[in-house]
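Report on the structure
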Amino acid sequence: MQLGVFIPIGNNGWLISTTSPQYKPSFELNKIVVQKAEAFGFDFALSMIKLHGFGGPSQFWDYNLESFTLMAGLASVTTRIQLFATCAVLTVPPPFAARMAVTIDSISGGRFGVNIISGWQRREYAQMGIWPGSEHYRRRYDYCSEYVTVMRELWETGRSDFKGDFFQMDDCRCLPMPATRIPIISAGQSDAGTRYAARYADYNFCSSGGINTPTMVAGSVARLVAASKEVGGKCGALVSTMVIADETDEAAMAKWEHYKAGTDFEALAWREAQSSDDPSRDPLAGPNKRRTLGTEKLPTQGGVLVGSYASIARMLDELSTVTGVQGAMLTFDDFVIGMEQFGTRIQPLMRCRNELKAAAE
């Protein structure tokens with residue numbers, strides 16, 4: 001199973017709490033995290049893009065760096081690990097995003113990929129006057145399909161004359177072309193998003209939720225596997241989950257309970273209000289996913305694994321047995337400490353990583 005780290009490009013990482021570790025994002029912090037990930041043999045690092053936070057007492061995600069420029073900097077201080085930046089498609093035309101990707105691919109020596117997001121939080125774009133209106137929710141994956149098509153044409157041939165509903169290219173050029181294929185990641189959860197990912201993405205993040213329920217993702221992964229088979233694609237499932245670890249299960253759970261005690265319900269309410277703009281009734285679409293998984297009142301953005309180092313290793317091994325899962329992308333309560341714990345105490349206990357290492361040797 002591949003391992004990645006969802007780096008802390010926004011303040012306080014992925015815990016929406018006033019009692020969790022409080023910190024601002026910086027290049028230095030992310031450099032430490034990614035260099036640790038590379039040293040511990042992680043396969044990739046990914047940064048999100050967030051343009052408007054959730055507010056509340058924790059000021060959750062009110063402080064954020066920009067994804068492409070951050071990954072360009074990290075490309076220059078790493079040598080092996082794959083790096084993914086996130087592209088908010090409503091903010092930049094696809095030819096420009098394609099050229100930025102080629103540039104960072106050159107800096108990294110062929111280690112760059114792009115995470116495509118369709119845009120679910122209206123306020124991110126309305127603040128800049130570029131929100132296209134509620135119709136975007138219905139057609140956002142059509143928009144992304146055209147967007148990726150233009151990028152792929154430019155990367156593969158250096159030019160595009162694509163004509164669609166959203167983009168019209170007129171002998172558009174992008175040279176040089178990348179030396180290697182630039183992979184695409186998606187995070188579609190709904191039926192429409194899953195079908196889009198199966199056709200256009202190399203990897204897709206599938207829904208995880210709950211506490212210490214690593215196989216809860218199986219249904220979402222199965223849907224992706226079926227959609228990929230239907231279109232003849234090879235989109236692999238990635239699962240994002242938080243790791244809260246300590247010497248014992250009891251010590252780790254005590255930390256989790258402490259973080260829950262400081263849950264920023266004001267920030268959560270703001271997030272849910274933004275999500276409710278989407279009229280979709282799909283149980284795994286943005287406004288419904290957390291209610292479907294029963295996590296809407298937890299101070300996180302997804303599933304959480306809480307336990308001793310041995311327990312975390314066991315649960316990740318369990319996750320690796322879910323058919324279709326190709327990797328896990330990890331977040332931590334404290335990223336610097338968490339990466340060190342994972343690399344020295346958890347990963348050596350993981351069968352799914354040790355067997356891969358043995359095979360490579």
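Model, not experiment: these values are computed from the prediction.

Its place among the elements puts histidine 136 in helix H5 (residues 135–157). A residue is classified by how much of its surface remains accessible, and histidine 136, at 6% relative accessible area, is buried. Not counting residues up to four positions away in its chain, the partners in contact with histidine 136 are Leu90, Ser118, Gly119 and Trp131.

Taken as a whole and assessed by the stated rule, the structure comprises 21 aromatic pairs. Pairing phenylalanine 54 with phenylalanine 60 gives two aromatic rings, centres 5.5 Å apart and planes at 45°, and the pair type is tilted. With respect to burial, phenylalanine 54 and phenylalanine 60 carry one shared label: buried. Between phenylalanine 60 and tryptophan 61, the aromatic rings sit 4.6 Å apart at their centres with planes inclined by 25°, giving stacked as the arrangement. The same class applies to phenylalanine 60 and to tryptophan 61, which are both buried. Aromatic rings pair up to connect Phe6, Trp14, Phe42, Phe54, Phe60, Trp61, Trp120, Trp270, Phe332, Phe335 and Phe342 into one cluster. The residue whose ring lies beneath lysine 24 is tyrosine 63, and the NZ or CZ to ring-centre distance is 4.6 Å.

Bringing the pattern of salt bridges into the picture now. Considering all chains together, one arrives at 20 salt bridges under this definition. Linking lysine 255 and aspartate 246 is a salt bridge whose minimum nitrogen-to-oxygen distance equals 3.7 Å. The partly exposed category is assigned to lysine 255, whose relative accessible area is 23%. Taking the shortest distance from any N to any O, the salt bridge between lysine 260 and glutamate 257 comes out at 3.3 Å. A residue pair is termed a helical-turn pair when its members lie 3 or 4 positions apart in one helix, as lysine 260 and glutamate 257 do in helix H8 (residues 249–261) at three residues. For lysine 260, a relative accessible area of 30% corresponds to the partly exposed category. Under the relative-accessibility criterion, glutamate 257 is labelled partly exposed at 39%. Each of the salt bridges in this network shares a partner with another, and the network as a whole consists of Arg159, Asp161, Asp171 and Arg173.

So, on to the nonpolar core. If you look at the biggest cluster of nonpolar residues, it comprises 110 residues, and the most contacted ones within it are Val5, Val114, Ile116 and Tyr147. It is H5 that contributes the most residues to this core, 10 residues altogether. Setting aside anything within four residues of it in sequence, one finds tyrosine 147 in contact with Cys87, Val89, Val92, Pro93, Pro94, Ala97, Ile116 and Phe167.

In terms of residue burial, strand S11 (residues 325–332) counts as a mostly covered element, since seven of its eight residues are buried. In this sheet, S11 lies alongside strand S1 (residues 2–6) in parallel orientation, the contact comprising four bridges. By the bridge assignment for S11, valine 5 is matched with leucine 330.

Cut-offs used in this document
- Along each chain, residue indices are assigned from 1 in the same order as the chain's sequence is written.
- This being a predicted model, a pLDDT of at least 70 is required before a residue's local features are given, and a value of 80 or more before pairs of side-chain atoms are given or counted; all residues contribute to the totals for chains, interfaces and linings.
- Side-chain descriptors were evaluated using all non-hydrogen atoms of the structure, hydrogens and water having been removed beforehand.
- Each helix is a run of DSSP H or I of at least 4 residues and each strand a run of E of at least 2, with the numbering of both proceeding from the N terminus.
- For every residue, the accessible area (1.4 Å probe, protein chains only) is compared with the maximum for its type, and the residue is labelled buried under 20%, exposed over 50%, or partly exposed between those bounds.
- The contact criterion used is simple: two residues touch if any of their non-hydrogen atoms lie within 4.5 Å.
- The pairing test for Phe, Tyr and Trp rings, Trp by its six-membered ring, is centres within 6.5 Å, and the orientation test on the planes gives stacked under 30 degrees, edge-to-face over 60, and tilted for anything in between.
- Definition used: whenever NZ (Lys) or CZ (Arg) falls within 6 Å of the ring centre and also within 35 degrees of the ring normal, the charge is taken to sit over that ring.
- What counts as a salt bridge is simple: a side-chain nitrogen of Lys or Arg found within 4 Å of a carboxyl oxygen of Asp or Glu.
- We call a set of buried Ala, Val, Leu, Ile, Met, Phe, Trp, Tyr and Cys residues a nonpolar core when their side-chain atoms join them within 4.5 Å.
- At least two bridges found by DSSP between two strands are what make those strands a pair.

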